[in-house]
Amino acid sequence: MSAPNPPASGKAATEPAAPHHPFVPPDQSPPEFTWPMVLTGVFLGVLFGASSLYLVLKVGLTVSASVPIAVLSITLFRVFSKAFGVRKATILENNIVQTTGSAGESIAFGVGVTMPALLLLGFEMDPVRVMTVAVLGGVLGILMMIPLRRAFIVKQHGSLVYPEGTACAEVLVAGEKGGATAKMVFVGFGIALVHKFLTAASKLWAAEPAAKLYAESGGKTTGLKGAQTSGELAPELLGVGFLIGPRIASLMMAGAVLSYFILGPMIATFGEKATEPVAPARWDPDKPKDSTNPGLIRNMEPDGLRVTYLRYIGAGAVAAGGIISMCRALPLIFGSIVAGLRDLRATRQAGGARGAVPRTERDLPMTVVLWGSLCLVVILAAVPQLGLGLSLHGLAGAAMILLFGFLFVTVSSRLTGEVGSSSNPISGMTIATLLLVCLIFLILGRSGPDAMLTALTVAAVVCIASSNGGTTSQDLKTGFLVGATPYRQQWAILIGAVTSALVIGLTMLALNAAGTHYTKKGFPADRVLAVPADAPVERPGKPYDTGWDGHPPDQAEYRVVHVRRDEYPDLKPGRYLVDAAGRPVYRTDVPISRETKEMDNGQQAPKEFTAPQPRLFANIIQGILGGTLEWSLIVTGVMIAVALELCGVAALPVAVGMYLSLLSTTPIFIGGMLRLLADRLRGRPKSEAESETSPGVLLASGYIAGGTLCGLIIAFFAFLPDQFNDAINLGLHLFGTANENGRVEWKPDESGPAKIAAVVMFGVLGAVLLWVGARKEGLVDGTAPPPADRPDGDAFTT
């Protein structure tokens, strides 16, 4: 058996590929699809999928999980074999593990960037709605990729690189020969887990230290008004920066500098003398309408400027950057569509004599693909929570899912072969889908909430399908190189997609519930709202579910009413709990649209979701179908993106940096700079696989896994009694002081020593990552790479 032949990326698409000889020849059939391997892949897929969801909700991006899963599989089964004296796992079994597990990361991205937009559009994040879209979107992407395998994986083996798939194949071959180890993944996981717990649960130091870059005294301002430096010093964000590399990290930081150190201070300076709120800001109803009202620019903190103005500018830039990145790939898109349609005929002709087809060329039958896709679309139309229905409009929406689904799965699979999964512009494809669907609805005369829900459903399914289609193509490329059986891989990734989607859907709902709090502030209580007949009933959550000093628990039930933009002039859009007369009693402060950083009991509010895509998608839908888009700010962001492209700068990563909070961008930038230093010290890798399995990359992967999973666990602590959370809050016991009400409290983000301690501990994390990343041994074959400067190894899923 010979090693797989990596494709030569420099060949033209029309040049015939060299004869391919997989690692495992077609005439050999070692164990492959075994249930221990499938179940292990399911477990790892759920693990990485849940952590990827947490990450995408924080920063709107994920990193490929295939290589870490492959390394973990090799290591776990090697240890298991030695400990129990059983046979060693074959290379094809390890490939099944990574194939099954890889679906979680791509589905997590699709769910995380679309489903929170439901709340922004005035709909419930219904469990049936979330789970159905996640499962059916993931399965649809796999089914639509199957007929494209021969066109993209086989026929264009010499021209489409599929970098992650090729690297994963090299890792599997190295594992078969005794190389590759996951030691650094486990080390990074442990370090990140401890650091995250001591930061977020024990609160021994600040989690998000910040410092204003200006001071106000006697009516005068010294410094850069409206600006502050800040950072969420978390191990998972440091790991993300290390993996995406210095180039993308620097572009993101450039966007943050433009947004928070140029545009924000400009708005603060020019709005200093404004005596009325500047749209979209409004008077704060809880304060007098005078010069002290928080709705005036002069009284806004840096975070207030971001929420009110800068995020709309950033959203416009992200939209333009996504569309530009997709337009740049139009030649590939058209070529992909033609190649995919041409291959459908060839696949049908080859499918008649399955027994004569070599093992390594056997796909699932086309009947499964066609009937499976049609059944999925009928299910989508039949589920009432998705807003489609079996009417003419519902069937039109289902037809658009099929049309745009196949279009963008084809595009995603082809682009993945060109630039890799981590650079695949999924957000741009979703934006294009939204624009097309909304324009079709306008032509058909549809608008209003029902049309908005249908548009988001179509876009969400297409987003998840195209994301998972790209991942499937990488997996099939890995299988092609190592000699796997395609239909067994396809069954494995179908199982992984369904199980991961179910868990990711539940995780999405749980994270939203854990991040939600209820407030009685910021709205007029005497306003009477129209209550729909089918409005759900709900009891208030934290802090009113348990109560606090002088405030007994509220166990009453209220009706839920969604107020949409401009529906009531004196009410912010959002989710309200109203009494029997329709008067609002509570406003639900959800994490995707966080309004206050402090709960009504004085404690810190749960962490917000800062991913840019959900608000961007909601703005597009509301702007086109509802006519409520903040056009001036959005267009400003679009023009910034256009200017960047005219300067030869990739607009999308800069735009993401403009939108994301500086809290997220700062540690990512630091991680990218550490990658630059580590690569300069370590030298050029011999291959993509050596780069993907270098000690620093594996340690950073462990940082991401440990930090995100610990963050998930801590988020779910919100469902436990306050006594438990107070017991693990070591900072409260060691450094807490009594407030004016005699209650002991501890706010590390407002303590100078706690901020310094946070910087020091984060510096330790960075020093360990740099030391490990600069080590000169390769984990694939155990040899040292030649000394040379390594080019940027960037990964960026959008």
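Just so we're clear, the structure is a prediction, and the values are computed from it rather than from any experiment.

## A closer look at the sheet that holds strand E4 (residues 537-538)
- Pairing in this open sheet of five strands is antiparallel, and the strands run E3-E7-E6-E5-E4 from one edge to the other. The strands lining the two open edges of the sheet, one partner per strand, are strand E3 (517-519) and E4.
- Bridging between E4 and strand E5 (residues 558-563) involves two bridges; their strand directions are antiparallel. Its bridge partner lying in E5, Glu538 is registered against Tyr558.

## A short note on unusual backbone geometry
- Put simply, Lys542 and Pro543 share a cis peptide bond, and its omega is 5°.
- Within the fold, Pro543 resides in the loop between E4 and E5.

## Some thoughts on the side chain of Glu361
- Among the secondary structure elements, Glu361 is positioned in the loop between helix H11 (330-350) and helix H12 (366-382).
- Each residue touching Glu361, except ones within four places of it in the same chain, is listed here: Arg149, Arg150, Val154, Phe480 and Pro486.

## A closer look at helix H1 (residues 35-59)
- Over its 25 residues, H1 runs 35 Å from end to end, which matches the ideal 36 Å to within 8%, given 1.5 Å per residue.
- Counted residue by residue, H1 has 19 buried out of 25 residues, so it is predominantly covered.
- Looking one or two places after H1, you find Gly60, whose phi comes out positive at around 75°.

## Digging into the pattern of salt bridges
- For the structure shown, the criterion picks out 21 salt bridges.
- Where Glu232 meets Lys196, a salt bridge forms, and the shortest distance between an N and an O atom there is 3.9 Å. On the criterion of sequence distance, the pair formed by Glu232 in the loop between strand E2 (220-230) and helix H9 (235-270) and Lys196 in helix H8 (residues 183-201) is long-range, its members being 36 residues apart. Here Glu232 matches Lys196 in class, with each residue buried.
- Close ionic contact of Glu538 with Arg575 constitutes a salt bridge, the shortest N to O distance being 2.4 Å. With Glu538 in strand E4 and Arg575 in strand E6 (residues 574-578), the pair connects residues that are 37 residues apart, well separated along the chain.

Conventions we followed
- Residues numbered from 1 in each chain as written.
- Predicted model: local features only at pLDDT ≥ 70, side-chain atom pairs only at ≥ 80, totals over all residues.
- Heavy atoms only, no water.
- Pairing = 2+ DSSP bridges.
- Helix = DSSP H or I, 4+ residues; strand = E, 2+ residues; numbered from the N terminus.
- Contact = heavy atoms within 4.5 Å.
- Expected span 1.5 Å × (residues − 1).
- Buried < 20%, exposed > 50% of the residue type's maximum accessible area, 1.4 Å probe, protein only.
- Salt bridge = Lys/Arg side-chain N within 4 Å of Asp/Glu carboxyl O.

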